[in-house]
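# Examining the three-dimensional arrangement
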Amino acid sequence: MTTATAADPEALSVECTLGRKPGYEDVHAQCRQLRDVPLPHSTGVLLIHRCRCSCHRQSPVRDPS
């Protein structure tokens, strides 16, 4: 199993990766990795990287707070 790194421009979520396969296109809409999640009490360390799928780059999600 490999993990995506911040330097990897095509770091996709599991949903977006599976959604690219024939017959699983509907799974793509279930992607919830729309923003970076920082590691609590750290500076610049991410717990979860946002999905790098091109559909998410079109319209960035803003934090409602």
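Attention in this report is confined to the structure presented alongside it. (Residues numbered from 1 in each chain as written. Predicted model: local features only at pLDDT ≥ 70, side-chain atom pairs only at ≥ 80, totals over all residues. Heavy atoms only, no water.)

## Notes on the overall build of the protein
- Looking only at helices and strands, the protein features two helices and two strands.
- Starting at the N terminus and walking to the C terminus, you meet the elements of the protein as α-β-β-α.
- A buried classification covers 17% of the 65 residues belonging to the protein.
- Residue pairs in contact within the protein that sit at least 24 positions apart in sequence constitute 37% of those at least 6 positions apart.
- As presented, the protein carries roughly 5300 Å² of accessible surface, and 56% of it is formed by carbon and sulfur atoms. (Helix = DSSP H or I, 4+ residues; strand = E, 2+ residues; numbered from the N terminus. Buried < 20%, exposed > 50% of the residue type's maximum accessible area, 1.4 Å probe, protein only. Contact = heavy atoms within 4.5 Å. Areas by Shrake-Rupley, 256 points an atom, 1.4 Å probe, with all protein chains shown as cover.)

## Things to note about unusual backbone geometry
- Of note in the backbone geometry, His 41 takes a positive phi value of approximately 65 degrees without being a glycine.
- Among the structural elements, His 41 can be located in the loop between β1 (37-38) and β2 (46-48).
- By relative accessible area, His 41 is classed as exposed at 87%.

## Considering the nonpolar core
- Residues Leu 12, Cys 16, Cys 31, Cys 51 and Cys 53 constitute the largest nonpolar core, which totals five residues.
- Every residue in contact with Cys 31, bar those within four places of it in the chain, is listed here: Ser 13, Glu 15, Cys 16, Cys 51 and His 56. (Core = buried A, V, L, I, M, F, W, Y, C linked by side-chain atoms within 4.5 Å.)

## Some details on the environment of Asp 26
- Note on placement: Asp 26 falls in the loop between α1 (14-19) and β1.
- In this structure Asp 26 comes out as exposed when scored by relative accessible area, which is 56%.
- Along the chain, Asp 26 and Glu 15 lie eleven residues apart, while their C-alpha atoms are 9.3 Å from each other.

## Some thoughts on the state of the cysteines
- Under the definition given, this model contains zero disulfides.
- Unpaired in this structure, Cys 51 has its nearest cysteine sulfur neighbour in Cys 16, at a distance of 3.6 Å. (Disulfide = S-S within 2.5 Å.)

That's the geometry; what it means functionally is another story.
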